[in-house]
Amino acid sequence: MIGAGMLGLDLAERLNASPVLRCELVASRQSSASALRRAAQLGCEVSTEGIAAVARAGVDVVFDASSAEAHPAHWAALASADVLLVDLTPSSGGSMLTPTVNAVRAESDRHLSLVSCGGQAVLPVLDAIATNSERVEDVEVVTTVASASVGPATRDNLDEYLATTGYAMERLTGATRAKVLATISPALPAPAFRAQITTCAHGIQPTALADAVEAAATAVRQYAPGYEVSALSVADDLVRATVTVTAQGGRLPPYAGNVEIINAAAVTLAERYARSREVGRRG
């Protein structure tokens, strides 16, 4: 694990709860001593040497929860190693994946991009819309996240978040144009993570789309139980949907669905990779 903020520490806990993964090391150059102490309490080795410590750790999977600016150097340092690099920053490098859309690529690709928390929330729904329409044109997504669940790195990476999420929506759904807006809300009580989708999709059949969206939401809930498509409407070619993600399980406050959705996706994809490697070794 590179990074020991809210994202990294929650992910370390999830790794240690996994039946096939274990957190060996949490490395960071910028984390506070208290964050690294918490990682040590979870049973992880800790280091302040950053990517240098990771490169010599002899691990199978590396999760990058640092920053979009730092990520390219991390991939450069690991590109020749036999590891899977899972990028949780909004860097545009790597294969863009979300578990319910194209998880199979986690078995063969070695550099995976989780896009962003917003991308993980909306791509399952947008994939259902694209699959059940003749053509997707404009897509607009507005995400709202509680200020308390947004760390310094996320705030610094806001431009990258908007650009990478929009690019992923175009690339994975075939949309001709995509626009992403983000609101960091200081409201109290803190609001749940929410994404509002508006898109122009031709040839939509409302009943078939509703069934497909519900199936997509059910699939996401296998790894993120607090995922819900709370509204869906179709008027001619205009589709509107609202996705809400509530953190569950006690590791995070309920409003931190943004952290839960991307971390749950990261663990799901890494578990798939680990199981595929085990099958390969047995074969």
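Residues numbered from 1 in each chain as written. Predicted model: local features only at pLDDT ≥ 70, side-chain atom pairs only at ≥ 80, totals over all residues. Heavy atoms only, no water.

Colleague: Give a description of the pattern of salt bridges that names residues and reports values.
Modeller: Under the definition given, this model contains 13 salt bridges. Residues Glu-13 and Arg-38 are paired through a salt bridge, measuring 3.4 Å at the closest nitrogen-oxygen approach. Separated by 25 residues along the polypeptide, Glu-13 in helix H1 (residues 6-17) and Arg-38 in helix H2 (residues 33-41) bring together distant segments of the chain. We classify Glu-13 as partly exposed; its relative accessible area is 24%. Residue classification places Arg-38 among the partly exposed residues on the basis of a relative accessible area of 34%. (Salt bridge = Lys/Arg side-chain N within 4 Å of Asp/Glu carboxyl O. Helix = DSSP H or I, 4+ residues; strand = E, 2+ residues; numbered from the N terminus. Buried < 20%, exposed > 50% of the residue type's maximum accessible area, 1.4 Å probe, protein only.)

Colleague: Could you give an account of the UniProt feature "binding site: NAD(+)" (unreviewed entry) in the chain, naming the residues involved and the relevant values?
Modeller: Here, the residues flagged by UniProt with the feature "binding site: NAD(+)" (unreviewed entry) are Ser-149, Val-150, Gly-151, Pro-152, Ala-153, Thr-154, Arg-155, Asp-156, Asn-157 and Asn-258. Narrowing the list just given to those that line the largest pocket leaves Ser-149, Val-150, Gly-151, Pro-152, Ala-153, Thr-154, Asp-156, Asn-157 and Asn-258. Looking at the element boundaries, Pro-152 is found in helix H7 (residues 152-156). Note on Pro-152: relative accessible area 65%, which makes it exposed. (UniProt positions renumbered as here; feature names shortened; annotations may be inferred. 1 Å grid on protein atoms, 1.4 Å probe; cavity = no way out; pocket = protein on both sides within 12 Å on 5 of 7 lines; lining within 4 Å.)

Colleague: With reference to specific residues and values, describe the side chain of Asp-87.
Modeller: Take Asp-87: it is sitting in strand E4 (residues 84-87). Despite its burial, Asp-87 pairs with no opposite charge; the closest candidate is Arg-171, at 11 Å N-O. At a separation of 3.4 Å, a polar atom in the side chain of Asp-87 contacts the side chain of His-71. If we skip the residues at most four places from it in the chain, Asp-87 touches Asp-64, His-71, Gly-93, Leu-112, Ser-113 and Leu-114. (Lys, Arg positive; Asp, Glu negative; His and termini not counted. Polar contact = N/O pair within 3.5 Å; in protein donor to acceptor, adjacent residues only side chain to side chain. Contact = heavy atoms within 4.5 Å.)

Colleague: Account for the environment of Thr-98, with residues named and values stated.
Modeller: Mapped onto the secondary structure, Thr-98 falls in the loop between strand E5 (95-96) and helix H5 (99-102). Exposure remark for Thr-98: the relative accessible area of 0% places this residue in the buried category. For Thr-98 and Leu-123, which are 25 residues apart along the polypeptide, the C-alpha to C-alpha distance reads 7.3 Å. For Thr-98, the residues in contact, after removing those within four places along its chain, are Ala-103, Gln-120, Leu-123, Pro-124 and Tyr-223.

Colleague: I'd love a proper account of the packing of helix H6 (residues 117-131) against helix H9 (residues 206-220), names of residues and values included.
Modeller: Contact geometry of H6 with H9 gives a least axis separation of 9 Å together with a crossing angle of 150°. With respect to their mutual orientation, H6 and H9 come out roughly antiparallel. The crossing of H6 and H9 is right-handed. Residues Pro-124, Val-125, Ala-128 and Ile-129 of H6 form the contact with H9, whose own contacting residues are Leu-209, Ala-212, Val-213, Ala-216 and Val-220. Of the residues assigned to the contact of H6 with H9, the class counts are 9 nonpolar, no polar and no charged. (Axes fitted to C-alpha atoms, helices over the stretch in contact; angles between N-to-C directions. Parallel < 35°, antiparallel > 145°, perpendicular 65-115°, else oblique. Left-handed = near helix turned anticlockwise from the far one by under 90°. Nonpolar A, V, L, I, M, F, W, Y, C, P; charged D, E, K, R; others polar.)

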